[in-house]
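# What the coordinates show
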Amino acid sequence: GRWGQPEELAGLVVFLASLATAAVGRRPIVGALSAGILIAETEYHGEVENIIAPFQGLALGIFLITIGMRIDLRAVADNLGPILLATAGVLILKALVTSLLLRLMGAQPGTSMEAGILMASPSETTLIVISAALSAQLIQPNTAQFWQIVTAIGLTVTPIMAKLGQRLGRRMDSGGPQTGMEPGLDQDSQDSRRAIIVGFGRVGRLVAEMLQRHGQPYLAIDSDTDNVAEGLRQGYRVVF
């Protein structure tokens, strides 16, 4: 349009929001975060996400490196016990709350457990909130440094938490997928000619829906047990 492409307007909005927060004595990242939330609610959010996707990992890496450079290793050594206790407390509390909420919403026990453990780690937003609170003099520098260290440790163990949650979730799902043909597939579908859908993610499900609508037999396969279990619960013909 006359005002430019959506990505250009998005960049302009983020830039102006950062300048505005900096002008009133707040960190520019607060304005950028607010602008990002606003853009996410517009009809152009999908296009903007695709444009910035190649730079997302790089920007996140630079952000985390700058956070790591601020950590005082001597402070970690002097307060190792309280830091580890605080980290464990945050992880356990977040895992319990998230798992409980998912169970109340009707999720399967295994899914609730896996999601709860995966989301137990603090997020990058925590660091932004701590920085904003410190700049507003709502917390003391020592307190901010303590919780920045706790957050950094929590982010570091996220891959370990993801693997742990995945294993525990699969063990809790008693009705999980088995290798081979599934009981939900009748004998005709096993013996007759049919389309084979390799991978049952978002695109695979779309293809399965199209084949079902046109009455064509199919069989979907996937190496991700979570995709298989979810597909079986929704009535698709899918095997591990």
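Note that the coordinates shown come from a computational prediction; the quantities given were computed from them, not determined experimentally. (Residues numbered from 1 in each chain as written. Predicted model: local features only at pLDDT ≥ 70, side-chain atom pairs only at ≥ 80, totals over all residues. Heavy atoms only, no water.)

## What to know about the packing of aromatic side chains
Per the counting criterion, the structure on display carries two aromatic pairs. Ring centres 5.2 Å apart and planes at 90° place the aromatic pair F146 and W147 in the edge-to-face group. Taking the relative accessible area as the measure of exposure, W147 reaches 36% and is therefore partly exposed. Positioned over the ring face of Y218 is R237, at 6.0 Å from the centre of the ring. (Phe/Tyr/Trp six-rings, centres within 6.5 Å; stacked < 30°, edge-to-face > 60°. Buried < 20%, exposed > 50% of the residue type's maximum accessible area, 1.4 Å probe, protein only. Lys NZ or Arg CZ within 6 Å of the ring centre and 35° of its normal.)

## Regarding the pattern of salt bridges
What the rule picks out here adds up to two salt bridges. In this structure, D72 engages R74 in a salt bridge whose closest nitrogen and oxygen atoms are separated by 3.6 Å. Using a relative accessible area of 27% as the deciding quantity, one classes D72 as partly exposed. For R74, a relative accessible area of 64% corresponds to the exposed category. A salt bridge links E230 to R233, with the nearest nitrogen and oxygen atoms 2.8 Å apart. (Salt bridge = Lys/Arg side-chain N within 4 Å of Asp/Glu carboxyl O.)

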